[in-house]
Amino acid sequence: MVDQHTKKVSWNFFSGLVISSLLVLQLTRWLILPQFMDIYYHLLTAQGFIQAGGYSGWDFWQYAPAGRPHIYPPFFHLALAGFIQAGVNPVILAKLCESLIPVVLLITLWKFIKDNYGPELAFFSALLFFSSSSFYLSLLNHIPATLSLIFGILSLSQLFKKRLLRSAILLSLVFYTHIGISFFFAMTFLIYGLLNKEIRKRATGVLLTALILGLPIIIKELSVLKFMHTFGFNLHEKYLCQIKIIESILGVIGLFQSLKRGKEYRLFAGMFLASLVFIIYPYRLLSAEGYLPIILLCAFCLLNLYRKVNKRYLILVIAVFILFFSPTFSMYKEVRETKIDYKVKMFDSAFLNLLLARSKIFWFPQEYISAAKIVEANSAPADVTYCTLDFLGLTISSIAARPSANALLPEIKTVKGFNPFIGSTIIIFTRIDDERMVDLTVRKLNLVKVGENKFFLVYKNTGCRSQAGVIKATLPFWVVSCAAALLLFIFWQAARIEGFIYKFIKNI
């Protein structure tokens, strides 16, 4: 699949520049990371696992003291719990995840494309990784989804190498890491198999094996669907779409080109069709994880254009346009507003936003850490903390290692109703709260102020007697460790195991 243009252009060198640029720009943002609120949910969940002694199917660390079923796949939280138990500071851990995991995804994607489609397409794919600011920010905010994309691409890589057992194990890890991405890759394997009969049996076998390995977490997720009270159409995310206009048009052209070329290129079409599983989450489909197939299809279209023109300067023109001038159609609505804003933004690539540090900052260490210290000093480990602003409540609770009456993923409801003010020992008001509401609540509950800083007013509810009840782990850490060791051994010996299975089937 490598043609004469490879000899003329140092594609790997240019790709190395792109990857190095992302790594450097990520590390220069170290001080303002972690940038998003989701990581605090994951840290708090990991600390809940530590308190439970392993994987818990009951979320007692959020919506405390009532709690709710825990539906999120456990891989990332178990990994975080291991690092925390090893002594890694949770904030440092969050910074490492947000700074390094997106880079690992880029390297994984580039290596997969280079090995199977050539260094030219790999370069254009890496370059387009910088095109969408929204896609880039989603990689930081949705770390488990980013990890799942890594596992899924690695699984495809093993499929192409005909290492089917390894491919199935990696695909099963997607099921244990993120729900949405597991559906995306399951559909990718299925559709690609339908589009390419030469790989159909292998893709189907890998998918079925992965489904069997992922059955425990799939059954768990299905068992708690009755506690879901809203789906994607009702979430605020649907008002946060950003669409790269030119890249999307080129991606559609690349879609038809991929169907006309060799069957191996139909993978890109399969991934595009599979991304429609995100349709109930328009933001995810158009601006986040669903943008990955657009990257590949647009890269394929640009490569075909370059080969047709066959001029070196076109590489520079394409790079400058993508990194600096490519327009973005943006739809946005504030949480408490009814008006939806539409506009076309220029100079809105991920590269420019990284270079110029043009993004919102949510990490204010002095205020968050000082508030967490106040919470720690005035509460016991099982005492519940509540903040009037949900994501700040999770931030402080995760740093202080306290259960929270706040929660992320509010679409998963509690089994019973509860009043977070009455059931919380520590109540945190923000400086933007209505003063009359704060004064009324303080007087009604006889709250005692125990500290404050520039952002927060921290009160103690001395009359509160409830605490979060720690639920014993469904799977203790030693069971999880044994399962992980067994899986690693099978992965290591996959070739021998496959040979034994083939020999056994042949002799039946």
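Analysis parameters
- Residues numbered from 1 in each chain as written.
- Predicted model: local features only at pLDDT ≥ 70, side-chain atom pairs only at ≥ 80, totals over all residues.
- Heavy atoms only, no water.
- Helix = DSSP H or I, 4+ residues; strand = E, 2+ residues; numbered from the N terminus.
- Rg over C-alpha atoms; globule rule 2.2 N^0.38 Å.
- Buried < 20%, exposed > 50% of the residue type's maximum accessible area, 1.4 Å probe, protein only.
- Contact = heavy atoms within 4.5 Å.
- Lys, Arg positive; Asp, Glu negative; His and termini not counted.
- Charge placed at Lys NZ, Arg CZ, Asp CG, Glu CD.
- Core = buried A, V, L, I, M, F, W, Y, C linked by side-chain atoms within 4.5 Å.
- Polar contact = N/O pair within 3.5 Å; in protein donor to acceptor, adjacent residues only side chain to side chain.
- Arc of directions from axis to C-beta.
- Pairing = 2+ DSSP bridges.
- Axes fitted to C-alpha atoms, helices over the stretch in contact; angles between N-to-C directions.

Turning our eyes to something else, we now look at the overall build of the chain. Looking only at helices and strands, the chain features 23 helices and 11 strands. Taken against the 2.2 N^0.38 rule, which gives 23 Å for 508 residues, the C-alpha radius of gyration of the chain at 24 Å falls within 12% of a compact globule. Seen through its C-alpha atoms, the chain measures out along the principal axes to roughly 80 × 60 × 40 Å. The buried share among the 508 residues of the chain stands at 53%. Within the chain, contacts between residues separated by at least 24 positions form 75% of all contacts whose residues are at least 6 apart in sequence. For the chain, the centre of its 51 positive side-chain charges and the centre of its 27 negative side-chain charges are spaced 10 Å apart.

Among the structural elements, S20 can be located in helix α2 (residues 11-28). According to the relative accessible area criterion, S20 is partly exposed, its value standing at 41%. Linking S20 and F477, residues 457 residues apart in sequence, is a C-alpha distance of 37 Å.

Let us look at the nonpolar core. Among the nonpolar cores identified, the biggest contains 129 residues, and I113, L121, F124, L171, F185 and F268 are the most heavily contacted of them. Here the element with the most residues in this core is helix α5 (residues 90-117); it accounts for 13 residues.

This part takes up the side chain of T328. Within the element layout of this structure, T328 appears in strand β5 (residues 328-332). Reaching out from T328, the side chain makes a polar contact with the side chain of D348 at a distance of 3.3 Å.

Okay, helix α12 (residues 215-223) next. An α-helix turns once every 3.6 residues. As a result, residues three or four positions apart point the same way. Every buried residue belonging to α12 is among I217, I218 and E221, and all of these are buried. Here the buried residues of α12 occupy an arc of 105° about the axis, which is enough to place them on one side. Exposed residues on α12 whose side chains face more than 90 degrees from its buried face are P216, I219 and L222. Each element contacted by the buried residues of α12 is listed here: β1 (54-55), α9 (164-175), α10 (179-195) and α11 (200-213).

We now examine the sheet that holds β5. The strand order across the open sheet built from three strands is β4-β5-β6, with neighbouring strands paired in antiparallel fashion. A strand with exactly one partner marks an edge of an open sheet, and here the two such strands are β4 (242-244) and β6 (341-345). The sheet shows a mean angle of 15° between the axes of neighbouring strands, direction not considered. Sheet analysis places β4 next to β5, joined by three bridges and oriented antiparallel. For K244, the partnering residue across the bridge sits in β5 and is T328. Relative to the sheet, helix α13 (residues 245-260) contacts β4, β5 and β6, its axis offset from that of β4 by approximately 60°.

These results come straight from atomic positions and should not be treated as a statement about function.
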